[in-house]
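# Structure assessment
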Amino acid sequence: APAAGFTDTTSTDVDCIKLHGITQGTSATTYEPAASIPRWQMALFLHRMFVPTGLAAAGLTAVPAFTDTAGLSTEITDAISAIASHGITVGTSATTFSPNDNVSREQMALFLYRMGRLVAPFNSATVTDNGIFKDNASDIASASYNYTDVAQTSFEGMEAIIAMYNLGGTGEAATCVTGNLCESSYRPSEDITRLEMATMVKSVLDHSQARPPGTCTIQNDETLVTGNNEGTMISCRNADFTAQ
């Protein structure tokens, strides 16, 4: 991905989500990586992921009649309805979305876990049972994670955090043998920052069929293991992100 052109971050994760049109920055030259994200803004980010990941415009889940979104723009309310139609959000109650509340790190994992299960993984022509989480590397049954503070979350929240961790989606690449060598706290109740969001979104894009427009990508489907053959996939994209 080319540099996004922001003066306040050089993150390649931000470059990636800017390339896919998921973020436009807070201005032409700023991204504000340390800022929090209100739920209405996260709905926009998630909705903009639909095209590059191949997710249908609308799902089959009945959209709740949220009573606190009436004053928002059409773009925002359409995004909220779209993610609700796929069950990516269920609101904060049966009738509220709480658009101005900041997204927590637990909520971020939940949103991306629910979305990731609906999109085709990079090495499959169709959506598998658990989407990008079908692969053994992100199987939550292995219980491979370092976090000591995820038991305080909901069960689905803990499941989502563990799945995203094993996907490499929380910014950590591997499970540590000794706990003092890497982060042991996920901080689920803290507000997620825009930079942390970019890292997690980018990891979902990596495991989906999202690819830079007008390019071909060669990707292995597993880490090389001695004595085994290596599965390889070549993926090409048109200028509008659709697959060739």
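Up top is the structure.
Residues numbered from 1 in each chain as written. Predicted model: local features only at pLDDT ≥ 70, side-chain atom pairs only at ≥ 80, totals over all residues. Heavy atoms only, no water.

In this section: helix α5 (residues 105–116). Across its 12 residues, α5 extends 16 Å between first and last C-alpha, which sits within 8% of the 16 Å expected from 1.5 Å per residue. Residues of α5 that are buried include every one of Arg 105, Glu 106, Met 108, Ala 109, Leu 110, Phe 111, Leu 112, Tyr 113, Arg 114, Met 115 and Gly 116, and no others. At its buried positions, α5 is contacted by α2 (39–48), α3 (50–53), α6 (155–166) and α7 (194–207). (Helix = DSSP H or I, 4+ residues; strand = E, 2+ residues; numbered from the N terminus. Expected span 1.5 Å × (residues − 1). Buried < 20%, exposed > 50% of the residue type's maximum accessible area, 1.4 Å probe, protein only. Contact = heavy atoms within 4.5 Å.)

This structure, assessed with the given rule, holds 1 disulfide. Disulfide partner of Cys 216: Cys 236, at an S-S distance of 2.0 Å. What sets the handedness of the Cys 216 and Cys 236 disulfide is the S-S torsion sign, and at about 105 degrees it is right-handed. Pair noted here: Cys 216 is in strand β1 (residues 216–220) and Cys 236 is in strand β2 (residues 232–236), with a separation of 20 residues, a long-range link. (Disulfide = S-S within 2.5 Å.)

Moving on to the packing of α5 against α7. Put simply, α5 and α7 touch, their axes get as near as 11 Å, and they point 20 degrees apart. Relative to α7, the element α5 is oriented roughly parallel. Seen from above, α5 lies across α7 with right-handed handedness. Contact with α5, carried on its side by Arg 105, Met 108, Ala 109 and Leu 112, involves Glu 196, Met 197, Met 200, Val 201 and Val 204 of α7 and no other residues of that element. Residue classes in the contact of α5 with α7 are distributed as 7 nonpolar, no polar and 2 charged. (Axes fitted to C-alpha atoms, helices over the stretch in contact; angles between N-to-C directions. Parallel < 35°, antiparallel > 145°, perpendicular 65-115°, else oblique. Left-handed = near helix turned anticlockwise from the far one by under 90°. Nonpolar A, V, L, I, M, F, W, Y, C, P; charged D, E, K, R; others polar.)

The subject of this paragraph is the packing of aromatic side chains. Following the criterion strictly, the structure yields 5 aromatic pairs and no others. On the basis of an interplanar angle of 35 degrees and a centroid distance of 5.7 Å, the ring pair of Phe 6 and Tyr 31 is categorised as tilted. Pair noted here: Phe 6 is in the segment before α1 (12–19) and Tyr 31 is in the loop between α1 and α2, with a separation of 25 residues, a long-range link. Comparing Phe 6 with Tyr 31 shows no difference in burial state: the two are buried. Residues Phe 66 and Phe 97 carry aromatic rings whose centres are separated by 5.6 Å and whose planes lie at 55 degrees to one another, so their mutual orientation is tilted. With Phe 66 in the loop between α3 and α4 (74–85) and Phe 97 in the loop between α4 and α5, this residue pair connects regions lying 31 residues apart in the sequence. By the burial criterion, Phe 66 is buried, and Phe 97 matches it. Ring-pair connections join several aromatic residues into one group, and the members of that group are Tyr 147, Tyr 165 and Tyr 186. (Phe/Tyr/Trp six-rings, centres within 6.5 Å; stacked < 30°, edge-to-face > 60°.)

Taking 1.5 Å of rise per residue, the 14 residues of α7 would be expected to cover 20 Å, and the 20 Å separating its terminal C-alpha atoms lies within 8% of that figure. Those residues of α7 not exposed but buried are Arg 194, Met 197, Ala 198, Met 200, Val 201, Ser 203, Val 204 and Leu 205. Taken together, the buried residues of α7 touch α1, α2, α3, α5 and α6.

Attention shifts here to the nonpolar core. Core analysis: the largest hydrophobic core is formed by 52 residues, its most contacted members being Met 42, Leu 46, Met 49, Met 108, Leu 112, Met 197 and Val 201. Counting residues per element, the ones that place at least two in this core are α1, α2, α4, α5, α6 and α7. Here the element with the most residues in this core is α5; it accounts for 7 residues. The residues contacting Leu 112, other than those within four sequence positions of it, are Leu 46, Met 49, Phe 133, Met 164, Met 200, Val 201 and Val 204. (Core = buried A, V, L, I, M, F, W, Y, C linked by side-chain atoms within 4.5 Å.)

Distances and angles like these do not, on their own, reveal function.
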